[in-house]
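The chain contents come next:
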Amino acid sequence: RKEVEQDPGPFNVPEGATVAFNCTYSNSASQSFFWYRQDCRKEPKLLMSVYSSGNEDGRFTAQLNRASQYISLLIRDSKLSDSATYLCVILGGSDYKLSFGAGTTVTVRA
Amino acid sequence: NAGVTQTPKFQVLKTGQSMTLQCAQDMNHNSMYWYRQDPGMGLRLIYYSASEGTTDKGEVPNGYNVSRLNKREFSLRLESAAPSQTSVYFCASSHPGQGANEQFFGPGTRLTVL
């Protein structure tokens, strides 16, 4: 079983729609959780951290469910510029090593 | 601040050739990493360096060597390239303990081994 699993998508949504997707992880001792964004043929960049109580950053909401071992990302009022691949990233027992999911592709259409 | 820079951006090698991928960061970060990214797979850690003078193997180290030349620079060497090493290589850096352990990535090197 992979450490981090994501639905690859693609999720094709119209502008203004809400899109949500999950990521499951296998290591119950995982400490920290993140969503990174990767544009086509570009490097990944941190979108947001995921806190136990859930957190929002503008139109983006992240949730953590430790009991079921998944995190989620919800994008409200989608913009064309939200089209990207979203990587689920988990920090396990080490201070230095992150585990990356393969990514969920979101395409927002006009 | 340039952030994390990588050279070259693109490279084509023949099987058996060697090359070194260069990475430098100007953020005074202690930790640096080399990843490879293949279609349908997440980024996989090749080697990392927690601090200047130390290096450790990651998930997929076979066929690679690294050198942490100083705090700024971390190079990745392919001694005898194989087609299975065709991939996009990303270097990253971070400062453990600060914030959310955010890693900053370079623009990547697209390597093709024929």
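Data block above holds the structure.
Notes on the structure in this doc start here.

This paragraph deals with the state of the cysteines. By definition, a disulfide links two cysteine residues through a covalent bond between their sulfur atoms. Summed over the entire model, instances satisfying the criterion amount to two disulfides over all chains. The partner cysteine of Cys23 of chain A in its disulfide is Cys88 of chain A, sulfur to sulfur 1.9 Å. Here the S-S torsion is close to -70 degrees, and the disulfide linking Cys23 of chain A with Cys88 of chain A is therefore left-handed. Taken together, the positions of Cys23 of chain A in strand S3 (residues 19-25) and Cys88 of chain A in strand S9 (residues 84-91) put the pair 65 residues apart, joining distant regions of the chain. Here Cys23 of chain A and Cys88 of chain A have matching classes, each one buried. Sulfur-sulfur distance for the disulfide between Cys23 of chain B and Cys91 of chain B comes to 1.8 Å. Between Cys23 of chain B and Cys91 of chain B, the S-S dihedral sits near -70 degrees, and the bridge is therefore left-handed. Here Cys23 of chain B, found in strand S3 (residues 19-25), pairs with Cys91 of chain B, found in strand S9 (residues 87-94); they are 68 residues apart in sequence, far enough to count as distant. With a relative accessible area of 0%, Cys91 of chain B lands in the buried category.

For the structure shown, the criterion picks out seven salt bridges over all chains. Of the charged contacts, one joins Arg76 of chain A and Glu56 of chain A as a salt bridge, the two residues approaching to 3.7 Å between their closest N and O atoms. With a gap of 20 residues between them, Arg76 of chain A in the loop between strand S8 (70-75) and S9 and Glu56 of chain A in strand S6 (residues 55-57) connect regions that are remote in the sequence. With relative accessibility at 30%, the residue Arg76 of chain A sits in the partly exposed group. Among the residues examined, Glu56 of chain A registers a relative accessible area of 56% and is labelled exposed. Taking the shortest distance from any N to any O, the salt bridge between Glu79 of chain B and Arg77 of chain B comes out at 3.1 Å. A relative accessible area of 43% places Glu79 of chain B in the partly exposed class. Shared partners join several salt bridges into a network, and the residues in it are Arg36, Asp38 and Arg44 of chain B.

Looking now at the side chain of Ser72 of chain A. By the secondary structure assignment, Ser72 of chain A is in strand S8. In contact with Ser72 of chain A, not counting residues within four places along its chain, are Phe21, Asn22, Trp35, Thr61, Ala62 and Gln63 of chain A.

What follows is about the packing of aromatic side chains. Applying the stated criterion across every chain, the model contains twelve aromatic pairs over all chains. Put simply, the rings of Tyr36 and Phe100 of chain A together with Tyr33, Tyr35, Phe90 and Phe105 of chain B touch in pairs and so form one group of aromatic residues.

This part covers unusual backbone geometry. In this model, Gly9 of chain A is joined to Pro10 of chain A through a cis peptide bond whose omega is 5 degrees. The residue Pro10 of chain A is located in the loop between strand S1 (4-6) and strand S2 (11-14) in this model. Cis peptide bonds are those with omega within 30 degrees of zero, and the linkage from Thr7 of chain B to Pro8 of chain B qualifies with -5 degrees. Tracing the backbone shows Pro8 of chain B in the loop between strand S1 (4-7) and strand S2 (10-13). Although it is not a glycine, Gln69 of chain A adopts a positive phi angle of roughly 55 degrees.

About the criteria used
- Residues numbered from 1 in each chain as written.
- Chains lettered and ligands numbered in written order.
- Predicted model: local features only at pLDDT ≥ 70, side-chain atom pairs only at ≥ 80, totals over all residues.
- Heavy atoms only, no water.
- Disulfide = S-S within 2.5 Å.
- Helix = DSSP H or I, 4+ residues; strand = E, 2+ residues; numbered from the N terminus.
- Buried < 20%, exposed > 50% of the residue type's maximum accessible area, 1.4 Å probe, protein only.
- Salt bridge = Lys/Arg side-chain N within 4 Å of Asp/Glu carboxyl O.
- Contact = heavy atoms within 4.5 Å.
- Phe/Tyr/Trp six-rings, centres within 6.5 Å; stacked < 30°, edge-to-face > 60°.

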